[in-house]
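One letter stands for each residue in the lines below.
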Amino acid sequence: MSTETADATETRISEPPSSLKEFLSYMGPAWVFTASQIGGGEVLSVPLGGAYLGMEGIWLIPLITFTKIFGQYYLVRYGVMTGDTFLDALYEKGWSLKWIFYYVFLGGIIYAIGLSGHLGETAGAFNSLVPAIGNTGWMLITVVAGLLVVGMRSYGLIEKIATSLLWVFLILIAFVSLRTAGVWAPNLASGLVPSIPGRVEGLGVGGMAFILTMFGWIGAGFGPTVSYVWFAKDKVMGMFEPLDNGVEIDKYDLTDEEIDRLKGWGDIVLWQNLLSSAILAVFSFFMWTAAAATLHVQGVQPSGFTVIPEMAAIFTTQFGEWSAVLFLLTTVAALFSTLIGPMYGMSRLWEDAFALHGLFDNYDITRDTVFRLTIVLFAVIPLSLNLFIEAPLILFALSGALFAPAIGLMYLAVMYMSFEIDIDSLSPVRTWAVALAVFAGVVMILSGLWEARGSLETIQTLLGL
């Protein structure tokens, strides 16, 4: 290669972070992903597990968080290695894989059903603070606020809001769990032994159905999983960088140095996901134990719009009314981060999907217009469901069962495509990580099939059939 060519390609792909400070500056996508998870699946389902089951079933937390994360890792890694999101790649494949593209695309609507749980519980928490407005009023206010934030189309703003709200909430719930350790610690060892848990009426499931529902909602769920890919793209990591700069680049044109840099970016994505998984596991543990030590002991079994207010009772009991108010405010913040993160990511997915179908080339409509119309759709669906069907947690569990196969199919499809990268050093090399990703994918598909019948029965019940 000539010196001139080398100079031209010198900065196409930047060096990956080499210090802790630099690494943390690129943790933004993982922070938003973590905030979306803890503010969603963890805040709603994990305390229910502790309240209904005590310490029974807590073994699910490390199992789920440290297996599903590797499917998520390879989804993001594929984009960083190739410059194509997994959705773009699926669309270019034959129909043996292309149909997954449309399943994931329509999965946005399924996920919006699950957002009913987040929206309903956010409104319930607000209503505990200011009951004069009512649940309906607070849902409307929350939706408008979410539309205003996401409608600004600023990833940086969402990253800052989600990260700050996440840490305030986590510190508070950790404090409560540690203060009540004397209650839950004696039963911890038995709780870590795998067993089939009892029924959790708040989610309308029990036994294996509860385990599979937890696989859908603890750890990498559909909305945050898909959104994380677009967060990484907007953070211009790896091969996303030259494309963002308008530089045409082909994998066969990569220099040895650029390949090494891409491998380094792949390692950064792995560490992002491992750190995110560790945070999810630790604070899911704190939330479960806090509920087990208080709500379960008191025989309190939350349901409907009362999960967050009942959780606030933990703080009133332990520290006084002021702490319950603080908890409600921080929980509202965490739940709000769950709404804005996936709304942004799913809308970006739909925007790119329409672009692949030539919408912006063939019609006089802009990306911004489609993006904003999409976020309105993803806000109207959960709002409408909560207004007509006051069962946010049932809808939350139903959505988890319906989109679980989509997550599993994404994991398996991206593993297949990753091994199609015919530059050996950019293909997956960690056998153990590949095995965990495949395991997570298979379990997610099986969980969806297992829940299919129950989901139909739930739909009939909700519709009064």
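Once a new chain begins, its residue numbering starts again from 1 and follows that chain's sequence as written. Totals for whole chains, interfaces and linings use all residues, but because this is a predicted model, local features are given only for residues with pLDDT of at least 70 and pairs of side-chain atoms are given and counted only at 80 or more. Computation of side-chain values covers all heavy atoms of the structure but excludes hydrogens and water.

Brief notes about the overall build of the protein chain
Stage number 1. We count a stretch as a helix when DSSP gives it H or I for four or more residues in a row; a strand needs E for two or more, and each element gets its number in order from the N terminus. Of the regular secondary structure elements, the protein chain holds 20 helices and two strands.
Stage number 2. Only protein chains enter the accessibility calculation, which uses a 1.4 Å probe; a residue is then buried when its area is under 20% of its type maximum, exposed when over 50%, and partly exposed in between. The buried share of the protein chain, reckoned over its 465 residues, is 60%.
Stage number 3. The contact criterion used throughout is that any non-hydrogen atoms of two residues lie within 4.5 Å. Taking the intrachain contacts of the protein chain between residues at least 6 apart in sequence as the baseline, contacts between residues at least 24 apart amount to 85%.
Stage number 4. On the protein chain, roughly 17600 Å² of surface is accessible, and the fraction owed to carbon and sulfur atoms is 64%. In short, Shrake-Rupley with a 1.4 Å probe defines the accessible areas, and a residue's cover is counted only from the protein chains shown.

Notes on the packing of aromatic side chains
Stage number 1. Pairing of aromatic rings covers Phe, Tyr and the six-membered ring of Trp, with a centre-to-centre limit of 6.5 Å; geometry is then stacked below 30 degrees between planes, edge-to-face above 60, and tilted otherwise. Evaluation of the coordinates by the stated rule reveals 14 aromatic pairs.
Stage number 2. A centroid spacing of 5.3 Å and a plane angle of 80° characterise the contact between Phe70 and Trp432, whose relative ring orientation is edge-to-face. With Phe70 in helix α4 (residues 60–82) and Trp432 in helix α20 (residues 431–462), this pair connects stretches of sequence that are 362 residues apart.
Stage number 3. According to the relative accessible area criterion, Trp432 is partly exposed, its value standing at 47%.
Stage number 4. An angle of 10° between the planes, with centres 4.4 Å apart, marks the rings of Phe126 and Trp138 as stacked. Of this pair, Phe126 sits in helix α6 (residues 95–129) while Trp138 sits in helix α7 (residues 134–151), and the two are 12 residues apart along the sequence.
Stage number 5. What makes Trp138 buried here is its relative accessible area of 10%.
Stage number 6. Pairwise contacts between aromatic rings join Tyr91, Trp95, Phe101 and Tyr102 into one cluster.
Stage number 7. The residue whose ring lies beneath Lys98 is Tyr91, and the NZ or CZ to ring-centre distance is 4.3 Å. We call a charge positioned above a ring when the Lys NZ or Arg CZ atom is no farther than 6 Å from the ring centre and deviates by at most 35 degrees from the ring normal.

Side note on the environment of Thr331
Stage number 1. Mapped onto the elements of the fold, Thr331 is located in helix α16 (residues 321–356).
Stage number 2. On the basis of relative accessibility, which here comes to 0%, the residue Thr331 falls in the buried class.
Stage number 3. In this structure the C-alpha to C-alpha distance between Thr331 and Ala312, which are 19 residues apart in sequence, comes to 9.4 Å.

Details of the pattern of salt bridges
It is possible for side chains of opposite charge to pair when their charged atoms get near one another.
Stage number 1. One side-chain nitrogen of Lys or Arg within 4 Å of one carboxyl oxygen of Asp or Glu is enough to make a salt bridge. Evaluation of the coordinates by the stated rule reveals nine salt bridges.
Stage number 2. Close ionic contact of Asp267 with Arg430 constitutes a salt bridge, the shortest N to O distance being 2.9 Å. In this pair, Asp267 is assigned in helix α14 (residues 256–298) and Arg430 in the loop between α19 (392–418) and α20, connecting sequence segments 163 residues apart.
Stage number 3. Taking relative accessible area as the criterion, Asp267 reaches 31% and is therefore assigned partly exposed.
Stage number 4. One network of salt bridges, with partners in common, ties together Arg348, Glu351, Asp352 and Arg367.

Examining the nonpolar core
Stage number 1. Definition used in this section: a nonpolar core is a set of buried Ala, Val, Leu, Ile, Met, Phe, Trp, Tyr and Cys residues joined via side-chain atoms within 4.5 Å. Formed by 130 residues in total, the largest nonpolar core has its most connected members in Phe86, Leu254 and Trp288.
Stage number 2. The element best represented in this core is α14, accounting for 17 residues.
Stage number 3. Once residues lying within four places of it in the same chain are set aside, the contact partners of Leu254 are Arg12, Ile13, Met239, Ile249, Ile259, Leu262, Ile423 and Leu426.

Let's talk about the confidence of the model for the protein chain
Stage number 1. Confidence of the predictor at the level of single residues is captured by pLDDT, which takes values from 0 to 100. Per-residue pLDDT for the protein chain averages 78, and the proportion of residues at 70 or more is 80%.
Stage number 2. Taken as a whole, residues 1–9 scores under 50 in pLDDT and shows five contacts with residues more than four places along the chain or in a different chain.

Focus on the packing of α4 against α14
Stage number 1. Here, axes are lines fitted to C-alpha atoms. For helices the fit covers the stretch in contact, and angles between N-to-C directions go from 0 to 180 degrees. Here α4 crosses α14 at 155°, and the two axes come no closer than 9 Å. Relative to α14, the element α4 lies roughly antiparallel. When the axes of α4 and α14 are compared, the crossing they make is right-handed.
Stage number 2. Note on residue categories: nonpolar means Ala, Val, Leu, Ile, Met, Phe, Trp, Tyr, Cys or Pro, charged means Asp, Glu, Lys or Arg, and polar means any other residue, Gly included. Classifying every residue of the contact of α4 with α14 by side-chain character gives 18 nonpolar, six polar and two charged. To sort the angles, those under 35 degrees are grouped as roughly parallel, those over 145 as roughly antiparallel, those from 65 to 115 as roughly perpendicular, and the leftovers as oblique. In this scheme the handedness of a crossing depends on how the near helix is turned from the far one: anticlockwise by less than a right angle means left-handed, clockwise means right-handed.

Comments concerning the packing of α7 against helix α18 (residues 367–388)
When two helices pack together, their arrangement is given by the angle between the helix axes and the distance between those axes.
Stage number 1. Axis separation between α7 and α18 bottoms out at 10 Å; the angle between their running directions is 165°. Put simply, α7 runs roughly antiparallel to α18. Every pair of crossing elements has a handedness; the one defined by α7 and α18 is right-handed. Taken together, the residues of α18 that come into contact with α7 (itself represented by Thr136, Met139, Leu140, Val143, Leu147, Val150 and Gly151) are Phe371, Arg372, Ile375, Val376, Ala379, Leu383, Asn386 and Leu387.

Side note on α6
Stage number 1. In a helix, the anticipated span is given by 1.5 Å times the number of residues less one. Compared with the 51 Å implied by 1.5 Å per residue over 35 residues, the 52 Å span of α6 between its first and last C-alpha is a close match.
Stage number 2. What is called the bend at a residue is the angle between a pair of axes, fitted to the seven residues leading up to and ending at it and to the seven starting from it. In α6, a bend of some 30° at Gly108 exceeds every other bend along the element.
Stage number 3. Burial runs high along α6: 25 of the 35 residues are buried.

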